[in-house]
Amino acid sequence: MLAQALLVAAIVVSGCASAPSPGPGASRPVRDGADANPPKDLDRVPDAQPRIEPLRSGGPNKPYEVLGKRYVPFTHDRPFTERGLASWYGRKFHGRPTASGEIYDMYAMTAAHPTMPLPSYARVRNPANGREVVVRVNDRGPFHAGRIIDLSYTAALKLDLLRGVAPVEIERLTSDAIRAGVAPAPREASPKAAPEAAPDAPREPARDTAATGAFWVQLGAFRQRDGAEEFQRRVAAELDWPVERLAVVDDAALYRLQAGPFLTRDEARAAAERIRSSLQLVAVVLERR
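The numbers attached to residues start from 1 for each chain and follow its sequence in the written order. Owing to the predicted nature of the model, reporting of local features is limited to residues with pLDDT of at least 70; listing and counting of side-chain atom pairs is limited to 80 or more, with chain, interface and lining totals taken over all residues. Calculation of side-chain values draws on the structure's entire complement of heavy atoms; hydrogens and water are dropped beforehand.

Engineer: For this particular structure, what's the right way to read the pairing of strand β6 (residues 131-139)?
Structural biologist: Successive residues of a regular strand alternate their side chains across the two faces of the sheet. β6 sits mainly inside the fold: eight of its nine residues count as buried. Here strand β4 (residues 110-112) pairs with β6 via three bridges, running parallel. Looking at the pairing, T110 lines up with R136 of β6. Note: two strands are recorded as paired if DSSP finds a minimum of 2 bridges between them. Numbering of helices and strands starts at the N terminus; helices are DSSP runs of H or I of at least 4 residues and strands are runs of E of at least 2. Looking at chain direction, strand β5 (residues 120-126) and β6 are connected through seven bridges and run antiparallel. Bridge pairing links V124 to V133 in β6. Between β5 and β6, which pair antiparallel in sequence order, lie four residues; one of them, G130, sits at a positive phi of approximately 80 degrees. Exposed residues in this analysis have more than 50% of their type's maximum accessible area, buried residues have under 20%, and partly exposed residues fall in between, with area computed by a 1.4 Å probe over protein chains only.

Engineer: Would you take a moment to explain the pattern of salt bridges for this structure?
Structural biologist: Any two side chains of opposite charge can pair, on the condition that their charged atoms come close. Take a side-chain nitrogen of Lys or Arg and a carboxyl oxygen of Asp or Glu: if they are within 4 Å of each other, that pair is a salt bridge. Going through the model one piece at a time under the given rule, you end up with 12 salt bridges. The partner of K158 in a salt bridge is D47, and the shortest N-O contact between them spans 2.8 Å. Of the two residues, K158 sits in helix α2 (residues 153-159) while D47 sits in the loop between α1 (4-11) and β1 (64-66), which places them 111 residues apart along the sequence. Across the pair, exposure class does not vary: K158 and D47 are buried alike. Three or more residues joined by partner-sharing salt bridges are found here, namely R51, E53, E102 and R136.

Okay, structure coming up:
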């Protein structure tokens, strides 16, 4: 069980990042917040890349108690959605261990949640502006009434939530959802789809490094190029509306099928919703730098 003393220490400022107190002579910020000179271009930091990670009942997923309230993390892989208030935590916990034992990096795309399995991946949306990000949940908190998630500094920045606590919508990505995005199973073509790829559907080479600095919608990722190209043909045949580009992007060990580019995150998010609705795929908005 997580030591209550460590969790209470985390609650004092932001309700996150369980960590021991600094040793004698160590220098730590007394107040939480942003650094005076944060790194540049944090708004271009890529979202967390979801991958399947094992869940276990022990360690950071044991039941625990904070300020007289008992929390029981769920450890089975299930969908989870929630609406409530989001906050963020920064320099006071930067470089300290999180509840999962990982080191907190306020400039990475991570978050804390009271009961979501550690680790998890979640989509977080700011309904006020339509922005959304994908974060890796690796910490516990917040422990304030009404708050449902504590975001890293960068995640809050990308959602435009640095000015204070604000409403958000969160959705945990299950292993099935992640698996569907990594290796989608072939689907039967819909009645209105042509038996072969649509004649006007653009074709891209397996390696595509163009059109950086724009937003894209990722439909899947494959270890083999043939699988990515076959899936590209199926998507082109089944989509009943055109996208400017369906590109298979060679990214290290994976071949990623992405649609785009879109000039704004809002345009990409709208396209992702349309793709999810028409093809029942896990579509994730990404930004190429």
